[in-house]
Structure formats: structure tokens, C-alpha cells
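An overview of the molecular structure
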Amino acid sequence: MNRREFVRLLAAATASGFAPPSARALAGEGDALYQLPPFGNVSLLHMTDAHAQLLPVWYREPSVNLGIGEWRDQPPHLVGAKFLEHYGIAPGSREAYALTHLDFPSAAQTYGKVGGYAHLATLVKRLRDSRPGALLLDGGDTWQGSATALWTKGADMVDAQLALGVDVMTGHWEFTYGMERVQELVQGPLRGRIEFLAQNIATADFGDPVFAAYTLREINSVAVAIIGQAFPYTPIANPRHLVADWSFGIQEEKLQATIDEVRSKRATVVVLLSHNGMDVDVKLASRVTGLDAILGGHTHDGVPHPIVVKNASGRTLVTNAGSNTKFLGVLDFDVREGRIKDWSYHLVPVFANLIPADPAMQGIIDRHRAPFATQLNEPLATSDGLLYRRGNFNGSFDQLILDALMAVNDTEISLSPGFRWGTTLLPGEVITMERLMDQTAITYPAVTVNEMTGERIKAVLEDVADNLFNADPYYQQGGDMVRVGGLRYAIEPTAALGKRISDLRLGDSPLEAARSYKVAGWASVGEGVEGAPIWDVVAEYLRAKKSLAAPVLNQPDLRGLDSSPGLG
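Right, let's walk through the structure included here.

Definitions and cut-offs
- Residues numbered from 1 in each chain as written.
- Predicted model: local features only at pLDDT ≥ 70, side-chain atom pairs only at ≥ 80, totals over all residues.
- Heavy atoms only, no water.
- Buried < 20%, exposed > 50% of the residue type's maximum accessible area, 1.4 Å probe, protein only.
- Helix = DSSP H or I, 4+ residues; strand = E, 2+ residues; numbered from the N terminus.
- Pairing = 2+ DSSP bridges.
- Salt bridge = Lys/Arg side-chain N within 4 Å of Asp/Glu carboxyl O.
- Contact = heavy atoms within 4.5 Å.
- Axes fitted to C-alpha atoms, helices over the stretch in contact; angles between N-to-C directions.
- Parallel < 35°, antiparallel > 145°, perpendicular 65-115°, else oblique.
- Left-handed = near helix turned anticlockwise from the far one by under 90°.
- Nonpolar A, V, L, I, M, F, W, Y, C, P; charged D, E, K, R; others polar.
- Arc of directions from axis to C-beta.

Here we look at the pairing of strand β13 (residues 327–336)
With nine of 10 residues buried, β13 is to be regarded as a mostly interior element. Here five bridges tie strand β1 (residues 42–47) to β13, and the two strands are oriented antiparallel to one another. By the bridge assignment for β13, His46 is matched with Gly329. Across 10 bridges, β13 lies against strand β14 (residues 339–349) in antiparallel orientation. Bridged to Phe333 within β14 is Trp343. In this antiparallel pair of consecutive strands, β13 and β14, the connection spans two residues, and Glu337 shows a positive phi of 55°.

Structure representation (C-alpha cells):
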């Protein structure tokens, strides 16, 4: 990285975060939004965490995204007004709508839905026309997150990826279809067209590679290496039995060896396509050498500018491109005389009402959806309030699931996973089966009712809290905090292991450590768990309600945070 790049980094504090900032700040409409002048001679287009959303959606960004320790005041742990201030984005603007939760219902009505593969396809074609040889990289969490993806075991998403022209991908939720299905798709329709890379997955017995670690491509006579990094904690965050024969992990030493190998093969540009999560990527970038950039995913962070991370031999750009096809990252390198002279990065929002749908892609989408139209469109109830998921502690759709679990199963407590994926519904919209499946479409959906002691409940909350708030990103192994219904508690995210959770109460009564409580939950990672699928339970609840008042969020009492920029 040279002085010019350092100056650009400083300028990021006052830029809008989109490019070209001057034109977008004034216009922000129509074609002006998508006229990105060509730069350099190596271009990488990056998407991640689509979660099987083929059509445009509403998607509310989180109002709570806490950073712990040295990450407290740093992107991506900024929300709302603090996010806008950091990046110099005008409140109420199209950019503010894309990147924050502020005034979401009214902003959504003004600026419209985001994403959709048909609209993304048009954008990708335009960018490829101006950037010959550009590669399209998919960071994973693509084959899961919708009804049609679940019912076709990812086939609809694979067809969409092929039509979009994805060159390389890695994975996470893809593995919840099981090893056999993943290999069936990788060795079948993807073979020879999309390279599935994962340097950190090996056989559990002999440590043999399961997938290729990297690919070497030539872009405009420049040797470019793309290394794949799948989600390292898949067997912990998801059912182990689905990937029983494979080992995962960050595999830092192996990654360094892979970087050294591609450098020895004269790769001038070396990029990691990662599904680690942004905090993990920032730490990783400080510890390995030889990476020019990490194009990251998993944590769904829309970050307008790369974080420039120093390491022993230079610097690495670390990015994250949001989720639900809401953004497309565009990383351009100017490579001359065998090295990178300069770089440029744009996080491009995909506004469905500003960019036309590609007819061919729309046809593929319509074909896959047609057999399921009746199920998808079934109306269940109407919501009076905004329904969303994303946030460290709870979301209104999560609360709906918690309330349904307790009501249908007659329990006093309910638990629901802190999944990050899931779309948003505006007040007054009909909750269809499709929208419900957006929140629940997994391969292990069984609802369970168990007796749990107060001591065990606290231990579960402490364990999940450590996964989320451990000061060392390498020990952050899951999504957001488990959602809790019926039970109130306090949490101090910055406290030590085992001391974050306190003041647990049911109504006015403290939770008793030795007493057993009836608890409903779903998405157990255990093998052979039986029970009604969560979507049937919630659908039963909604059909009986017909009209749903805005759920009252059961949020924990947050302690020890002061004025965190991750609280909006």
C-alpha cells in the first residue's frame, strides 16, 4: 500500500461510501447510481450471504451490533446515526436507507425493495462490460434461506448462480444439506463452471483435502489467485452429523502455506474469499502475510470501505458485502510492473426500482417458483408492526416465533436460535408462508419441549454469550444471541466467561437454579431429534390470530456498555 492509498483511506471518513460519491450524493437515482468508471486492470465482483433470496426483498439492518474490546468503536460495529456520522452519509438519503435501520418503514416506502437475482444480473453484466475479465465471487450462504431452496435442496440457487456467471464460491449453510448433497452439486452442475473452494476443509480421518484450496486465474495478463475459506465452525454452529466425515477450522498455518504456494507460482494478486465473519477476518489479516485482500461474509455487514490491516510484511484490505443480494462489492486493482500500484473499492447497492430485471434470469426464477406458488402465497395473518430479525439480542419476527412456541406448546419459556438470515415485512403486510419460511427454512426444523433446570438455562445463555462476545474473534463461533421468550435476564457483554448473565426472572420471581422449567425450542443440532417443523407451529399460531399486533420485544437488560456505537 502506498501513500496514495493511505490518503484515500483518510478520505473515507468524509466520503458517502458509494461511488462516485459526488454524483451519488446529489443524484442517487437511476443510471447515475450505477456508472462506475473502470479502474485498473484486475476487477473482482463480490457477493455473499444471499440466503436464497431470488426476488427483491425488504431488509432492515441491525440496530444493535456490539463490538467487544478493541473492536468496540470500529466498523462493522457501528449502527444508526453513528454509522452515518462515521462515513459522512446524509440522514434520510438513499444511502442511509441501504446501510442503517433508521426510519426503516418510511424509508422503505420511499426507496423500495433491494436485491433480487434478476436485478443483480443486470448490474453484473454492466460491470463486466466495463471491466473485461472480471471474476464474480460468491462468499457462500447462498443455497439456504428460502422455501424453494429448501424444497429443491439448493437446485434453484445453483441454476441462478450459473446464469449469473459466478466463477468461484465457498460455503457455510450449504453444508446443512449434508455432505452427499453438497458433493452431488459440486461434482454435478457446478463442475467445470463454478469452482467450490475451501482450503480449511479436510477429511476427518486422514486430513485429505475435500475441495480445492485455490484457483489461479489470469485477468488481462495478470496472475490472480483466489483462495477459499469456508465457515470454520460449521460443526459447532450447525449439526455435526451433517458433516461427520469432514474437519473444519480457521487453519491459519495451512492458509499461510497456501498463500506461499500461490505466490511461488507467480500470483501477483492474492485474495481470500472468506466466510469467517468480519472480526475474524480482521484478526486473520493481521497474522498471515501475502494476502492483498479478504472478501468476507457470514456476519452480513454492509461496510462501505475496506479496513486496511497491517501485518508483518504489508497490509491487507478486509471487506464485507452485506447480505440478501442487497450489495455487490467491486474491488479493482491497478497492477503494473508485477505489483499492485493502486486499488479502488465500491460497495454498490442493488435497488430493484432503479435497475431493470434481466429477462433470462427472471425466467429461471419464475420457473423454479411456479410449482410452489400455492404454498408460497398462502396468507397466514396480517402484521400491524414491522417484522424483522437482525440484531444481537432480538428481532420482532424472532419474538413472533418465541410467542408461537410458548402458545402452541403451553410452555413458560421458549428459546430460538440467533440466526442472522431472514427478510423484513413492513407494517400492514400479509405474512405469507413464504415470508415465514424466510425465517425458518432449515434442514433440522424440529420443535422440541424439554424440562430444563434454572441452572441449565443460565449455562446455555452464558455459553451462547461467550460465542458472541468473546474478546478474541477466533472464539466467536455462532450468530447472534439466542432469543428468549417468557424469561427476563440481564447481560454484561464485556464481563468474563460465566459472569455475563444475571438477574434471570419469570415475571416477578427469580429463576430457581434447582427447579425444572418447561421450555420450547427448535433447531436442535442433535442427531435424530423429532418434532413438528417450526413453520407448522408458527403457521398454526398465525392462522388462529389472523391479525397480529406488533410483538413486544423481550430484550435483556444491557449492562456495562455506556454509550456504545453499536447501540442505535
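Examining the pattern of salt bridges
Enumeration over the complete set of coordinates arrives at 28 salt bridges. Between Asp503 and Arg505 there is a salt bridge, and its shortest N-O distance comes to 2.9 Å. For Arg505, a relative accessible area of 31% corresponds to the partly exposed category. Linked through salt bridges whose partners overlap, the residues forming this network are Arg128, Asp167, Glu195 and Arg217.

Considering unusual backbone geometry
Across the junction of Pro75 and Pro76, the peptide omega takes the value 10°, indicating a cis bond. Mapping Pro76 onto the fold places it in the loop between β1 and α3 (80–87). With phi around 55°, Asp49 is a residue other than glycine that occupies positive phi space. A relative accessible area of 0% places Asp49 in the buried class. Phi is positive for Lys153, which is not a glycine, with a value near 55°. Mapping Lys153 onto the fold places it in the loop between α7 (147–151) and α8 (155–164).

Structural notes on the sheet that holds β14
Reading across the sheet, the six strands line up as β4-β3-β2-β1-β13-β14 and stay open at both edges, with mixed pairing between neighbours. Across the chains shown, the open sheet's two edge strands, defined by having one partner strand only, are β4 (195–196) and β14. Here two bridges tie strand β2 (residues 135–138) to strand β3 (residues 168–169), and the two strands are oriented parallel to one another. By the bridge assignment for β3, Leu137 is matched with Val168.

Points about the environment of Glu512
Position of Glu512 among the secondary structure elements: in the loop between β22 (509–510) and β23 (516–522). Judged by relative accessible area, Glu512 falls into the partly exposed class, the value being 46%. Apart from residues no more than four positions distant in its own chain, Glu512 is found in contact with Gly454, Glu455 and Tyr517.

Notes on the packing of helix α16 (residues 433–440) against helix α18 (residues 534–545)
Helix-helix packing is characterised by the crossing angle of the two axes and by the distance between the axes. Remark: α16 packs on α18, axes separated minimally by 10 Å, with the N-to-C direction vectors making an angle of 140°. As judged from the angle between their axes, α16 and α18 are oblique. Between α16 and α18 lies a crossing whose hand is right-handed. When α16 is examined against α18, the residues Met433, Leu436, Met437 and Thr440 are found in contact with a partner set consisting of Ile534, Trp535, Val538, Ala539 and Arg543. Its residues assigned to classes, the contact of α16 with α18 comprises seven nonpolar, one polar and one charged.

A closer look at the environment of Val484
Take Val484: it is sitting in strand β19 (residues 483–485). Measuring from C-alpha to C-alpha, the distance between Val484 and Thr176 comes to 24 Å, with 308 residues separating the pair along the chain. If sequence neighbours within four positions are ignored, Val484 has contacts with Leu402, Ser414, Leu415, Leu461, Tyr489 and Asn554.

Details of α3
The set of residues buried in α3 consists of Gly80, Phe83, Leu84 and Tyr87. The arc that holds the buried residues of α3, viewed along the axis, is 95°, so those residues lie on one side. Facing away from the buried side of α3 by over 90 degrees, the exposed positions are Ala81 and Glu85. Immediately beyond the C-terminal end of α3, within one or two residues, lies Gly88, with a positive phi of roughly 65°.

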